[in-house]
Amino acid sequence: MDFPRALREHRARRRLSQLDLALRAGTTQRHLSFIESGRSAPGRNMVVRLADSMDLPLRERNELLLRAGYAPAHPETPLDGPALAPVRTALAHILRGHLPYPALVVDGGGGLIAANTAFDLLAEGAAPELLGPGTNVYRLALHPLGIAPRVLNLAEWGRHVLARLGHLVELRDELAGYVPAPDPSGTTLGFAVPLHLRSPYGELRLMTTVTSFATAVDVTLSELKLEAFLPADPATADALLEAAAAAAAASTE
């Protein structure tokens, strides 16, 4: 199962020394050294303490337990199952409540779970193969056949997207090739990098917020992210209101 190597890799990625991790986990550096060298087999509680001390995502905690020969500690419930019905209801309510501004829900790999109708304005013009079931929102954002040609500050905003993909190495490497070199005069708000997007309703300047379930103990729930877009100026707010009114009128025809 090669638990020692997995433990060393997790510790190295978090730039923790053996002493740092040992102190956090309430053990000694000598004991941790024995575990990492394979000279000592950790008990289940020790594996849990080490995972907690490194603040691993729930999926990685389960994987670490499996490598040590123990059963996973956290369930992974299907999102469409009855147990997570309250979650689906809450997310749908939030998505509707955020209108006329775009909002979407993604899983840990960037797969689109749900979106409100205002998100259609962001995805407008994207190639059909980048939309529909199985849509990866990060690929949709940066692919030349996706939203990227309409992003006026692709160098800056693209790097903001790539920074979120540290755990998705292959996807990050693929998408990095689509992002141009940074522009020293890049667009910011002074406190954030906006999405500066061309649209039929004029140029949109959007800030983003990302929300997660901070107290989740289920793998599926812990990986869900709600990304909400907000207007960064009055012109964008007016444009989104106009777009929402046009969409509502079209739906009644």
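Here the structure is shown first, and the text comes after it.
Looking now at helix H9 (residues 154-162). Every α-helical turn comprises 3.6 residues, leaving residues that sit three or four positions apart pointing alike. Burial analysis of H9 places 7 of its 9 residues in the buried class, which makes it a mostly covered element. For H9, the complete set of buried residues consists of Leu154, Ala155, Glu156, Trp157, Gly158, Val161 and Leu162. Check the buried side of H9 and you find it contacts helix H8 (137-142), helix H10 (169-176) and strand E3 (195-199).

Turning our eyes to something else, we now look at helix H5 (residues 58-67). Regarding H5, the residues found buried are Leu58, Glu60, Arg61, Asn62, Leu64 and Leu65. Of the surrounding elements, those touching the buried residues of H5 are helix H1 (3-13), helix H4 (44-53) and helix H11 (219-223). Immediately beyond the C-terminal end of H5, within one or two residues, lies Gly69, with a positive phi of roughly 95°.

Our focus in this paragraph is the pairing of strand E1 (residues 103-106). Residue alternation in E1 divides its side chains into two sets, Ala103 and Val105 and Leu104 and Val106, and both sets are buried. Sheet topology note: the E1/strand E5 (residues 225-231) ladder contains 4 bridges and is antiparallel. By the bridge assignment for E5, Ala103 is matched with Ala228. The hairpin formed by E1 and strand E2 (residues 112-115) contains 5 residues between the paired strands, and Gly110 there has a positive phi angle of roughly 90°.

Bringing the nonpolar core into the picture now. Formed by 33 residues in total, the largest nonpolar core has its most connected members in Tyr138 and Leu142. With 5 residues, H8 is the single largest residue contributor to this core. Other than its neighbours up to four places away in sequence, Leu142 contacts Ala148, Leu154, Trp157, Gly158, Val161, Leu162, Leu175, Tyr178 and Val179. Among the nonpolar cores identified, the runner-up in size contains 17 residues, and Ala22, Leu32, Val47 and Leu64 belong to it.

Procedures and definitions
- Residues numbered from 1 in each chain as written.
- Predicted model: local features only at pLDDT ≥ 70, side-chain atom pairs only at ≥ 80, totals over all residues.
- Heavy atoms only, no water.
- Buried < 20%, exposed > 50% of the residue type's maximum accessible area, 1.4 Å probe, protein only.
- Helix = DSSP H or I, 4+ residues; strand = E, 2+ residues; numbered from the N terminus.
- Contact = heavy atoms within 4.5 Å.
- Pairing = 2+ DSSP bridges.
- Core = buried A, V, L, I, M, F, W, Y, C linked by side-chain atoms within 4.5 Å.

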